[in-house]
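# Chain and residue survey
Now for the letters of each chain:
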Amino acid sequence: MDLQSEYDVIVVGAGVAGLAAATGSARAGAKTLVLDRSPEIALKVKGEVIKRDNTIVAEILRKPLPDCVIKGTSKRRRIFSPSCKKHMILAPRVASLVIDYRLLTHEIAKACVESGATLLLNTAITELMQNDSGEVCGIEGLSSNRSFNLRCKAVVGADGHSSFLREQAGLPAPNICAAYKVIVESADIPDSDMLEFFLLNNPAGALWIFPRADKSAECGMTIWEQTREAQGVDIADVWEKHRSEHPILNQRLRNASYTLTSVDKLVFGGLPDDFARPGLVLVGDAGGHVGAKGASGILTGMSMGYAAGQFLGAYASDNKAVVGDAAMRRCVEAMKNTSAWSLLQEEQKAGAMTRDFLFKILRTNEEIDNAWDAISEMAKSQ
Ligand SMILES: Cc1cc2nc3c(=O)[nH]c(=O)nc-3n(C[C@H](O)[C@H](O)[C@H](O)COP(=O)(O)OP(=O)(O)OC[C@H]3O[C@@H](n4cnc5c(N)ncnc54)[C@H](O)[C@@H]3O)c2cc1C
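Here goes a summary of the coordinates provided. No experiment lies behind these values; they were computed from the predicted model shown.

## Describing the overall build of the protein
- Helix and strand content of the protein: twelve helices and 19 strands.
- Rg of the C-alpha trace for the protein: 21 Å, near the compact-globule value of 21 Å for 382 residues, within the 12% margin.
- Overall, the C-alpha framework of the protein stretches about 65 × 40 × 40 Å when taken along its three principal axes.
- By the burial criterion, 55% of the 382 residues in the protein qualify as buried.
- Entry remark: accessible area of the protein is about 16,900 Å², with carbon and sulfur atoms responsible for 47%.
- Side chains of the protein give 43 positive and 46 negative charges; the mean places of these two sets differ by 3 Å.

Following this line, the structure appears as structure tokens:
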């Protein structure tokens, strides 16, 4: 691999959003590099649920989602109030698929490489290069302890929730919440087609159990309250406390063994409108492209990444110069013309309203329980 060459488009971060962006760019005819500092793809296992009726997965994979990626199908959702005394059952119009995140990411990586993009692991970006006009025109980085710099016409920042590129470019950050993920074997789950959510109060957040077809389950927890105190907790400890004391989590997991645990962060609301600069666009978690109702970041990140990649790839293969201000605005317009952007905007409004209503207006568990029937009616009509 010659690290001194030039590329049309360089994508930083080989998560679902970055791989989708590189696929779109390479398919549009651009010489595309996607790099990641990790030694392997999907080192951190993240989301687990996607909507079944999406079109973006088949568009990127150029085939339907393989059966091996699908671990379960859920048609219903049960949501418990923080006291667990009340619950509601929702039957969304569209069923959800519980997926194996690693296998999905590997499928997208295959599509990306088959599209002609170069994928490079163990390679971290350390600096953005700018030309005299202040446009981003390349990157500096470290690959297997060797420093390098590469010029390009556009950089796609897909480097996740704590994006270094976002910070370097001075772009606004979304809400980032502490998150914990656990995969368990032998859970006692009553309904294998039901995603279960348990709202938490003080600090506000949620736990979830998503059953797979084989008695294993994808579980997790996030704390979305944005105070320093709430975000500073040791989330693995909080999870363990809930596992032993939470009335229903304890029942469901009493015989379960953990097969994977991960301390992480989740983007959850605060959708920034500004995620581009001349020569640079952010996609996926880096750009805050995650739904504010329930972390729909896999599909929205892929959609926004693919749209950006397609635009920049086509532009860069037709033009010699860096993607300047006017062209980058058109790229953002193309991203905002997707159904994923409409969903993000809708969720941003509805998610913020629901959380404010539950935890800022009602506040106590008793008040939430007293208003639960009205809350359920509202949720069913959405
Ligand atoms: C616990 C949890 C549960 C979730 N549940 C769901 C769910 O059910 N459904 C759903 O749709 N979404 C869910 N999400 C959100 C979803 O998983 C994410 O939104 C999505 O995976 C983000 O993808 P990404 O490609 O933007 O970022 P990432 O997958 O984080 O990829 C970023 C990549 O950038 C690389 N990188 C970072 N810095 C550098 C650097 N300086 N140089 C080079 N590489 C770098 C990292 O190594 C990483 O591979 C969940 C997330 C979490 C944490």
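## Comments concerning the pairing of strand S16 (residues 217-223)
- For S16, the tally of buried residues reaches seven of seven residues, placing the bulk of the element in the interior.
- Here S16 shows a buried face lined by Ala217, Cys219, Met221 and Ile223 and a second buried face lined by Glu218, Gly220 and Thr222.
- Inspection of the sheet shows strand S13 (residues 176-185) paired to S16 by seven bridges, in the antiparallel sense. By the bridge assignment for S16, Val184 is matched with Ala217.
- For strand S15 (residues 205-211) and S16, the ladder comprises seven bridges, and the chain directions are antiparallel. Across the sheet, the residue bridging to Trp208 is Gly220, located in S16.
- If you look at the hairpin formed by S15 and S16, you'll find five residues sitting between the two strands, and Lys215 has a positive phi there, around 75°.

## Some thoughts on the packing of aromatic side chains
- Inspection of the entire model under this criterion finds seven aromatic pairs.
- Considering the side-chain rings of Trp224 and Phe268, the 5.5 Å spacing of their centres and the 75° angle between planes classify their relative orientation as edge-to-face. In this pair, Trp224 is assigned in the loop between S16 and helix H5 (228-231) and Phe268 in the loop between strand S17 (257-267) and strand S18 (276-277), connecting sequence segments 44 residues apart.
- By relative accessible area, Trp224 is classed as buried at 14%.
- Owing to a relative accessible area of 5%, Phe268 belongs among the buried residues under this scheme.
- Residues Phe311 and Tyr315 carry aromatic rings whose centres are separated by 6.4 Å and whose planes lie at 10° to one another, so their mutual orientation is stacked. Taken as a pair, Phe311 and Tyr315 lie in helix H8 (residues 297-318) at a separation of four residues, close to a single helical turn.

## So, the sheet that holds strand S7 (residues 96-99)
- Here three strands make up an open sheet; going across it, the order is S3-S7-S4 and the pairing antiparallel. Looking along the sheet, the strands with just one partner apiece sit at the ends: strand S3 (49-51) and strand S4 (70-74). Going across the sheet, the axis of each strand differs from the next one's by a mean of 30°, ignoring polarity.

## Points about the side chain of Ser163
- Counting through the fold element by element, Ser163 comes out in the loop between strand S12 (154-157) and helix H4 (164-169).
- Within the structure, Ser163 has its side chain in polar contact with the backbone nitrogen of Arg166 (distance 2.9 Å).
- Residues within four places of Ser163 in sequence aside, it is in contact with Leu282 and Ala286.

## A look at the packing of helix H1 (residues 16-27) against H8
- Relative orientation of the contacting elements H1 and H8 amounts to 30°, with a least axis distance of 7 Å. The angle between H1 and H8 falls in the class roughly parallel. Along this stretch, H1 crosses H8, giving a crossing that reads as right-handed. On the side of H1, the interface is formed by Val16, Ala17, Ala20, Ala21, Thr23, Gly24, Ser25 and Arg27, while H8 contributes Ile298, Gly301, Met302, Gly305, Tyr306, Gly309, Gln310 and Gly313.
- Counted by class, the contact of H1 with H8 contains seven nonpolar, eight polar and one charged residues.

## What about the sheet that holds strand S9 (residues 123-130)?
- With antiparallel pairing, three strands are arranged side by side in an open sheet as S9-S10-S11. Of all strands in the sheet, those with a lone pairing partner are S9 and strand S11 (146-151), marking the two edges. Looking at each pair of strands side by side, their axes are set apart by 25° on average, direction ignored.
- As paired strands, S9 and strand S10 (residues 136-143) are joined by seven bridges and run antiparallel to one another. The residue bridging Ala124 from the neighbouring strand is Leu142, located in S10.

How each quantity is defined
Residues numbered from 1 in each chain as written. Predicted model: local features only at pLDDT ≥ 70, side-chain atom pairs only at ≥ 80, totals over all residues. Heavy atoms only, no water. Helix = DSSP H or I, 4+ residues; strand = E, 2+ residues; numbered from the N terminus. Rg over C-alpha atoms; globule rule 2.2 N^0.38 Å. Buried < 20%, exposed > 50% of the residue type's maximum accessible area, 1.4 Å probe, protein only. Areas by Shrake-Rupley, 256 points an atom, 1.4 Å probe, with all protein chains shown as cover. Lys, Arg positive; Asp, Glu negative; His and termini not counted. Charge placed at Lys NZ, Arg CZ, Asp CG, Glu CD. Pairing = 2+ DSSP bridges. Phe/Tyr/Trp six-rings, centres within 6.5 Å; stacked < 30°, edge-to-face > 60°. Axes fitted to C-alpha atoms, helices over the stretch in contact; angles between N-to-C directions. Polar contact = N/O pair within 3.5 Å; in protein donor to acceptor, adjacent residues only side chain to side chain. Contact = heavy atoms within 4.5 Å. Parallel < 35°, antiparallel > 145°, perpendicular 65-115°, else oblique. Left-handed = near helix turned anticlockwise from the far one by under 90°. Nonpolar A, V, L, I, M, F, W, Y, C, P; charged D, E, K, R; others polar.

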